Amino acid sequence: MEAFLKKELGTSTLKASGYSRVGCISEGQSYDTDSGRVFVKINHKCQARLMFDGEAASLDAILETETVKVPKPVKVIDLETGGAMFVMDHLDMRSLDKYSAQLGDQLADLHLHNQRQRERRDKEEQTVGKGSGQSDVPAIEKYGFHIPTCCGYLPQVNEWQSDWVAFFTQQRLQHQLGLVEQTCGDREVQELWSQLQPKIPKMFEGAQMYPALLHGDLWSGNVAECSDGPLIFDPCSFYGHAEFELTIAEMFGGFDSSFFSAYYSKLPKEPGFEQRNQLYQLFNYLNHWNHFGSSYRESSLCTMKDLLK
């Protein structure tokens, strides 16, 4: 495989650096090449190309915002034996510690970036000589993403929608529940969903929502720091409601209070936050149920029952 990788990267040097990583989905290895050190993720499953293409597009989108550090994608390569490799710049990283508050601040900037682009565009379009629609400032008006991304190994439905409540209900919760139905045929969860679904729009009344670029899976295993600041990696990005992002960070820990304080100082919690946060928890429990089995069934059902109270 190393000879194949050497050819694909067009390098005469390819030497394993000693840094390796084995996750629950992919494995990885760093290599020294003619043009510097790279990190290579490898996955032998048939959907690996879809997963890595989505990750590469996510990293590109975050890089364009110039808000928070991420690895720079190099190339996605199909394996001759099936599966794919994803090559990106190597970053020397360690556990998030002294840059926790800075990460909270930068994540808020990531979430505010598209809104700021929209404000800049609107301002430019009001300038003398600029007709409507003539601004060069790019801004996203809908929720979704231009290609599928995978949260874990499951592809997400990212088709564009103008309404966040419809997007989240149909393309996140309903999609996850459909997967549960395929594997478990759980009658109780379907009955609870039929009661919960009509109540969801009311949970968003009064909330100010706009499409924000999200990392998509911001748990503690996907954040770190370098010598010069924090970084995030393994994204499954899409444009969504900013409140969605921090739910998994709160659920599974690994972030200190300075991270949340810095974030919420820029993006304060809005009325109704706690109930919406619980709704976003439901997505994460369902996603874990579909990845790791029925040990997450009870958490999913309890959350649905709480939301129906």
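Refer to the preceding data block for the structure.
Residues numbered from 1 in each chain as written. Predicted model: local features only at pLDDT ≥ 70, side-chain atom pairs only at ≥ 80, totals over all residues. Heavy atoms only, no water.

K.L.:
I'd like a description of the nonpolar core, backed by residues and values.
P.N.:
In this structure, Trp164, Leu173, Leu196 and Leu279 are the most contacted members of the largest nonpolar core, which totals 68 residues. No other element matches helix α2 (residues 48-65), which puts eight residues into this core. With sequence-adjacent residues up to four places away left out, Leu173 is seen in contact with Phe168, Trp193, Ile200, Leu279, Leu282, Phe283 and Leu286. By size, the runner-up hydrophobic cluster in this structure holds 11 residues, among which are Leu14, Val38, Val40 and Met85. (Core = buried A, V, L, I, M, F, W, Y, C linked by side-chain atoms within 4.5 Å. Buried < 20%, exposed > 50% of the residue type's maximum accessible area, 1.4 Å probe, protein only. Helix = DSSP H or I, 4+ residues; strand = E, 2+ residues; numbered from the N terminus. Contact = heavy atoms within 4.5 Å.)

K.L.:
How would you sum up the layout of surface pockets? Please name residues and give values.
P.N.:
By volume, the largest pocket is sized at about 630 Å³. Along the walls of the largest pocket sit 31 residues, with Cys24, Ile25, Gly152, Asp217 and Trp219 positioned nearest its centre. For the lining of the largest pocket, the residue count by class is 13 nonpolar, 12 polar and six charged. The set of elements that each furnish at least two residues to the lining of the second largest pocket consists of α2 and α3 (100-125). Counting residues per element, the lining of the second largest pocket draws most heavily on α2, which supplies five residues. Partitioned by chemical class, the residues of the lining of the second largest pocket number 10 nonpolar, five polar and two charged. (1 Å grid on protein atoms, 1.4 Å probe; cavity = no way out; pocket = protein on both sides within 12 Å on 5 of 7 lines; lining within 4 Å. Points joined across faces, edges and corners; volume = space filled by probe spheres on them. Nonpolar A, V, L, I, M, F, W, Y, C, P; charged D, E, K, R; others polar.)

K.L.:
Provide a residue-level description of the packing of aromatic side chains, including the pertinent values.
P.N.:
Per the counting criterion, the structure on display carries 21 aromatic pairs. A centroid spacing of 6.4 Å and a plane angle of 45° characterise the contact between Phe292 and Tyr296, whose relative ring orientation is tilted. Residue classification places Tyr296 among the partly exposed positions, given a relative accessible area of 21%. Three or more aromatic residues joined by ring pairs form one cluster here, namely Tyr143, Trp164, Phe167, Phe168, Phe204, Phe238, Phe244, Tyr280 and Phe283. (Phe/Tyr/Trp six-rings, centres within 6.5 Å; stacked < 30°, edge-to-face > 60°.)

K.L.:
Quick one: what's the story with the environment of Gly216, residue by residue and with numbers?
P.N.:
By the secondary structure assignment, Gly216 is in the loop between β8 (212-214) and β9 (223-226). Taking the C-alpha atoms as reference, Gly216 lies 9.9 Å from Ala242; in sequence the two are 26 residues apart.

K.L.:
If you had to explain the packing of helix α9 (residues 273-292) against helix α10 (residues 297-308) to someone new, which residues and values would you point to?
P.N.:
Between α9 and α10, the least distance of the axes is 9 Å, while the angle of their chain directions is 155°. Compared by their axis directions, α9 and α10 come out roughly antiparallel. As α9 packs across α10, the resulting crossing turns out to be left-handed. Between α9 and α10, the contacting residues are Gln275, Gln278, Leu279, Leu282, Tyr285, Leu286 and Trp289 on the first element and Arg297, Ser299, Ser300, Thr303, Met304, Asp306 and Leu307 on the second. When the residues that make up the contact of α9 with α10 are grouped by side-chain class, the tally is seven nonpolar, five polar and two charged. (Axes fitted to C-alpha atoms, helices over the stretch in contact; angles between N-to-C directions. Parallel < 35°, antiparallel > 145°, perpendicular 65-115°, else oblique. Left-handed = near helix turned anticlockwise from the far one by under 90°.)

K.L.:
Lay out the sheet that holds strand β4 (residues 73-78) in plain terms, naming residues and giving numbers.
P.N.:
In spatial order, the strands read β1-β2-β3-β5-β4; together these five strands make up an open sheet with antiparallel pairing. Edge positions in the open sheet fall to β1 (14-22) and β4, since each of these has one partner strand only. Adjacent strand axes in the sheet meet at a mean angle of 20° when their direction is disregarded. Pairing geometry for strand β2 (residues 27-33) and strand β3 (residues 36-43), over seven bridges, is antiparallel. In the sheet register, Ser30 faces β3, and the bridge partner there is Phe39. With respect to the sheet, helix α1 (residues 2-9) is in contact with β1, β2, β3, β4 and β5 (84-89), its orientation differing from that of β4 by roughly 130°. (Pairing = 2+ DSSP bridges.)

K.L.:
Can you explain empty space enclosed by the protein? Please cite residues and give values.
P.N.:
According to the stated counting rule, one finds one cavity of 30 Å³ or more in the structure shown. Quantified by volume, the largest cavity comes out at close to 40 Å³. What lines the largest cavity is simply Gly216, Asp217, Leu218, Phe244, Glu245, Ile248 and Asn284. Grouping the constituent residues of the lining of the largest cavity by class yields three nonpolar, two polar and two charged.

K.L.:
Go over the pattern of salt bridges, please, and point to the residues and values.
P.N.:
Scanning the entire structure with this criterion turns up 22 salt bridges. Residues Glu55 and Lys41 are paired through a salt bridge, measuring 2.9 Å at the closest nitrogen-oxygen approach. On the criterion of sequence distance, the pair formed by Glu55 in helix α2 and Lys41 in strand β3 is long-range, its members being 14 residues apart. For the pair shown, Glu55 and Lys41 are each scored as buried. For Glu243, the salt bridge is made with Arg276, and the minimal N-O distance between the two is 2.7 Å. (Salt bridge = Lys/Arg side-chain N within 4 Å of Asp/Glu carboxyl O.)

Purely geometric numbers; function is a separate question.
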